[in-house]
Amino acid sequence: MTDEANASRPVGLQLVSLTLAFDDVRFFGAAIFTDENDPDGPWATVLIDHADEEPWFRLTATDPAGSDVSDSAMAETDRLMRFILTEHPERIGQTRPAPPAS
């Protein structure tokens, strides 16, 4: 789960939890990661929240120090959310985007 920008701090996904809110349109959740080089070290948690404009979500790292692990976790969560919203939007109460007209 790394890319070239985050190759120095590979992270391992431990948990993703997304929940639909009261109106079945808004969602919130969290993704939790560990540093693959130090799996017993502190975990990086990224909070996920619905947004009313593209990319339709907001991410917040819970590490106030902004460590390298949190940076990698933010990048991975962004990638994960973009995948979910593109490939399986119905899982979080969204509709699949219409294909471009040819």
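Owing to the predicted nature of the structure, the values given are computational and were not obtained by experimental measurement. (Residues numbered from 1 in each chain as written. Predicted model: local features only at pLDDT ≥ 70, side-chain atom pairs only at ≥ 80, totals over all residues. Heavy atoms only, no water.)

Colleague: Looking at this structure, I do not really get the overall build of the protein chain. What am I missing?
Modeller: Scanning the protein chain from terminus to terminus reveals 1 helix and 4 strands. Along the protein chain, helices (α) and strands (β) appear in the sequence β-β-β-β-α when read from the amino end. Looking at the protein chain as a whole, 32% of its 102 residues are labelled buried. Accessible surface computed for the protein chain: about 6,500 Å², of which carbon and sulfur atoms make up 53%. (Helix = DSSP H or I, 4+ residues; strand = E, 2+ residues; numbered from the N terminus. Buried < 20%, exposed > 50% of the residue type's maximum accessible area, 1.4 Å probe, protein only. Areas by Shrake-Rupley, 256 points an atom, 1.4 Å probe, with all protein chains shown as cover.)

Colleague: I tried to follow the environment of alanine 31 on my own but got confused; where do I start?
Modeller: Position of alanine 31 relative to the elements: it lies in strand S2 (residues 27-35). Judged by relative accessible area, which is 0%, alanine 31 ranks as buried. For the pair alanine 31 and threonine 77, spaced 46 residues apart in the sequence, the C-alpha separation amounts to 6.7 Å. Sequence-distant contacts of alanine 31, defined by excluding residues within four places in its chain, comprise Leu13, Leu15, Val16, Ala44, Thr45, Val46, Ile48 and Thr77. (Contact = heavy atoms within 4.5 Å.)

Colleague: Where do I start with the confidence of the model for the protein chain in this structure?
Modeller: Parts of the model with low pLDDT should not have their predicted coordinates read in detail. Here the protein chain shows a mean pLDDT of 76. Residues at 70 or above account for 71%. Across the protein chain, element-level confidence peaks in strand S4 (residues 57-61) with a mean pLDDT of 91 and bottoms out in strand S1 (residues 11-20) with 78. Low pLDDT, under 50, characterises residues 1-7; the stretch is placed with 11 contacts to residues that sit more than four places away or in other chains. (pLDDT = per-residue confidence, 0-100.)

Colleague: Honestly, the pairing of strand S3 (residues 44-50) in this entry has me stumped. Any pointers?
Modeller: Two faces, one strand: in a regular strand the side chains alternate between the faces of the sheet. Burial of S3 is one-sided: the residues Ala44, Val46, Ile48 and His50 facing one way are buried, the residues Thr45, Leu47 and Asp49 facing the other way are not. Across 6 bridges, S2 lies against S3 in antiparallel orientation. Residue pairing for S3: isoleucine 32 is matched across the bridge by threonine 45. Taken together, the 5 bridges between S3 and S4 define a ladder with antiparallel strand orientation. Bridge pairing in S4 places valine 46 opposite alanine 61. (Pairing = 2+ DSSP bridges.)

Colleague: Looking at this structure, how should I read the nonpolar core?
Modeller: The tendency in soluble globular proteins is for nonpolar side chains to be buried side by side. Counting residues in each nonpolar core, the largest one holds 14 residues, and the members touching the most others are Phe27, Phe33, Ile48, Phe57, Leu59, Ala73 and Met81. Ranked by residues supplied to this core, first place goes to helix H1 (residues 68-87) with 5 residues. Setting aside residues up to four positions removed in sequence, alanine 73 forms contacts with Val11, Phe33, Ala44 and Val46. (Core = buried A, V, L, I, M, F, W, Y, C linked by side-chain atoms within 4.5 Å.)

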